[in-house]
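Notes for the structure review
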Amino acid sequence: QSGGDWWRHPNGTGPFELLEWTVGQRLVLERHDGYYRGAAHVQYVTFRFTGSPMMLYETGEIDITQIGTTDIERALDPANVLNEQLLIVPQLSLGYVGFNNAIPPFDDEKVRQAFCHAVDKEGIISILLKNTVSPAYGILPPGIPGHDEGLEGLKYDVAQAQRLLAESSYREGLPPVVLAVPGFCTEVAPSAEALAWMWQENLGVDVEIQLVEWDTFFDELREGTLQAFEIGWIADYADAENFLDLLFHSESVENHTCYNNPVVDELLEEAGVEADVESRMATYQAAEHAIVEDAPLLPLWFERSYFLVKPYVEGFSPTPMVAPIYRDVRVDR
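Now for a look at the structure at hand. For clarity, every value in this text was computed on a predicted model and none was experimentally measured. Note that residues are indexed from 1 along each chain, following the sequence as it is written. The predicted nature of this model means local features are confined to residues of pLDDT at least 70 and side-chain atom pairs, given and counted, to a pLDDT of 80 or more, with totals for whole chains, interfaces and linings taken over all residues. Calculation of side-chain values draws on the structure's entire complement of heavy atoms; hydrogens and water are dropped beforehand.

What follows is about the packing of helix 8 (residues 241-248) against helix 10 (residues 277-294). Where helix 8 meets helix 10, the closest approach of the two axes is 11 Å, and the angle between their N-to-C directions is 45°. Taken as axis vectors, helix 8 and helix 10 run oblique relative to one another. Like other packed secondary-structure pairs, helix 8 and helix 10 cross with a definite hand, here left-handed. Residues Glu241, Leu244, Asp245 and Phe248 of helix 8 touch helix 10, and the partners they reach there are Arg280, Tyr284, Glu288 and Ile291. Gly falls in the polar group here, along with every residue not listed as nonpolar (Ala, Val, Leu, Ile, Met, Phe, Trp, Tyr, Cys, Pro) or charged (Asp, Glu, Lys, Arg). When grouped by side-chain class, the residues that make up the contact of helix 8 with helix 10 number four nonpolar, no polar and four charged. Note on geometry: axes are lines fitted to C-alpha atoms, helical ones only across the stretch in contact, with angles between N-to-C directions running from 0 to 180 degrees. A run of DSSP states H or I qualifies as a helix once it reaches four residues; a run of E qualifies as a strand once it reaches two. Both are numbered from the N-terminal end. When an angle is under 35 degrees it counts as roughly parallel; over 145 it counts as roughly antiparallel; between 65 and 115 it counts as roughly perpendicular; any other value is oblique. For any pair of crossing helices, the crossing counts as left-handed if the nearer helix is rotated counterclockwise from the farther one by less than a right angle, and right-handed if it is rotated clockwise. Residue contacts follow a heavy-atom distance rule, with two residues in contact if any of their heavy atoms lie within 4.5 Å.

Shown next as structure tokens:
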């Protein structure tokens, strides 16, 4: 009712309000002195979207930045001055490859299982991601109630992958597979290239990586036209329901893999109304085990965020659900 650009004029109750937003360049928040829990300590928070974050940080132009694989080894080195400024925060998030269970060849459970067994995710994490994430064999990340440390999942086993493929309905040969990867850049992420290479090498399947612009990617995801896709899921709230129900219940609009298992649906519905916490977690774990075995997706990794924070910044609190808290930040230079 407010018009198509209502989201450019947010109306909320938080400690900051939007002062300036230049798309692709910067966004500025200004302190909201009427905030009900007390005014923030800083007057402004500025996010910059141009330039090299590390260069801006090291030249003192910004006070906080996230750090990626290019510079992580420097920051992890105890002898480097950056190490004292490093803040590591586990995220309630899962990186994964979704298989469209309604499109060949992923309409066959054994094919999906074979694709999971054919990926050396620990090798990808060690060599390409420099151990900045931890391997995922289940769905629920550490920190989510119900996370099962004992869940082994479908581990890297080329012989098992080939046996499953030989038992599948596609034993005579797999159709080509297109792995959709969202983004604006023109270069394919090395992790996607590694996945494609492992499937080609271990299963003999033709894999094409397709870079898809974000808006188009999500349109096709909702329409159920993507055959396989690399993406992630970040918790909106710290509960197993936010992962298992939303991604895997057959009637969920977020069930982009078109997964359908009546037994899992029943378990999820049972957990949704269970008042006893232990029973509820046990039911969610039973659902997770069944989902992992059905392999509607390939869990890749649980993420961690790496921040560099200047010594004169105090009170910066990153959360495990992406959005940091700036109300308590103090800058004392």
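Let's shift gears to the environment of tyrosine 57. Tracing the sequence through the fold places tyrosine 57 in helix 1 (residues 53-58). Non-local contacts of tyrosine 57, meaning those with residues more than four positions away in its chain, are made with Ile62, Asp63, Ile64, Thr65, Leu82, Gln85, Leu308, Val309 and Lys310.

Moving on, we get to the side chain of asparagine 242. Tracing the sequence through the fold places asparagine 242 in helix 8. Once residues within four sequence positions are removed from consideration, asparagine 242 is found in contact with Trp233, Ile234, Ala235, Asp236 and Tyr237.

Now for the sheet that holds strand 2 (residues 26-31). When DSSP finds at least two bridges between two strands, those strands are taken to pair. If you walk across this open sheet you meet the three strands as 1-2-3, and the pairing is antiparallel. Because the sheet does not close on itself, it has two edges, and the strands there are strand 1 (16-22) and strand 3 (44-48). Strand-to-strand, the axes of this sheet are offset by a mean angle of 15°, without reference to chain direction. By the bridge criterion, six bridges tie strand 1 to strand 2 in an arrangement that is antiparallel. Bridging from a neighbouring strand, glutamate 20 pairs with valine 28 of strand 2.

Turning to the pairing of strand 2, a few remarks are in order. Where strand 1 hands over to strand 2, the hairpin turn is made up of three residues, of which glycine 24 adopts a positive phi near 80°. By the bridge criterion, five bridges tie strand 2 to strand 3 in an arrangement that is antiparallel. For glutamate 30, the partnering residue across the bridge sits in strand 3 and is tyrosine 44.

Quick look at the pattern of salt bridges now. Should their charged atoms come close, side chains of opposite charge can pair. Salt bridges, as used here, are contacts in which a Lys or Arg side-chain nitrogen is within 4 Å of a carboxyl oxygen on Asp or Glu. Overall, the coordinates contain 11 salt bridges when judged by the stated rule. Residue aspartate 63 is joined to arginine 333 by a salt bridge in which the shortest nitrogen-to-oxygen separation is 3.7 Å. Of this pair, aspartate 63 sits in the loop between helix 1 and strand 4 (64-66) while arginine 333 sits in the segment after strand 12 (330-331), and the two are 270 residues apart along the sequence.

Let us look at the packing of helix 3 (residues 109-117) against helix 5 (residues 158-167). Across the interface, helix 3 lies against helix 5 with an axial gap of 8 Å and an inter-helix angle of 165°. Considered as vectors, helix 3 and helix 5 are oriented roughly antiparallel to each other. For the pair helix 3 and helix 5, the sense of crossing is left-handed. The residues of helix 5 that touch helix 3, namely those facing Lys110, Val111, Gln113, Ala114 and His117, are Val158, Gln160, Ala161, Leu164, Leu165 and Glu167.

Let us look at the nonpolar core. For the purposes of this section, nonpolar cores are sets of buried Ala, Val, Leu, Ile, Met, Phe, Trp, Tyr and Cys residues that join through side-chain atoms within 4.5 Å. We call a residue buried when its accessible area falls under 20% of the maximum for its residue type, exposed when it is over 50%, and partly exposed in between, using a 1.4 Å probe and counting protein chains only. Counting residues in each nonpolar core, the largest one holds 36 residues, and the members touching the most others are Phe99, Phe115, Leu179, Leu195, Trp199, Leu203 and Leu298. When near neighbours in sequence (up to four residues on either side) are disregarded, leucine 195 contacts Val97, Val119, Ile124, Leu179, Glu230, Leu298 and Leu300. The next biggest cluster of nonpolar side chains, apart from the first, holds 34 residues, and it includes Ile139, Phe217, Leu268 and Ala287.

With six of eight residues buried, helix 8 lies mostly within the body of the structure. Listing the buried residues of helix 8 in full gives Asn242, Phe243, Leu244, Asp245, Leu247 and Phe248. Of the surrounding elements, those touching the buried residues of helix 8 are strand 5 (86-99), strand 9 (228-234), helix 9 (262-273), helix 10 and strand 10 (297-309).

All right, on to the environment of proline 104 then. Here proline 104 shows up in the loop between strand 5 and helix 3. Relative accessible area serves as the criterion here: at 39%, proline 104 is assigned to the partly exposed category. Beyond its immediate stretch of four places on either side in the chain, proline 104 contacts Tyr170, Pro175 and Gln227.

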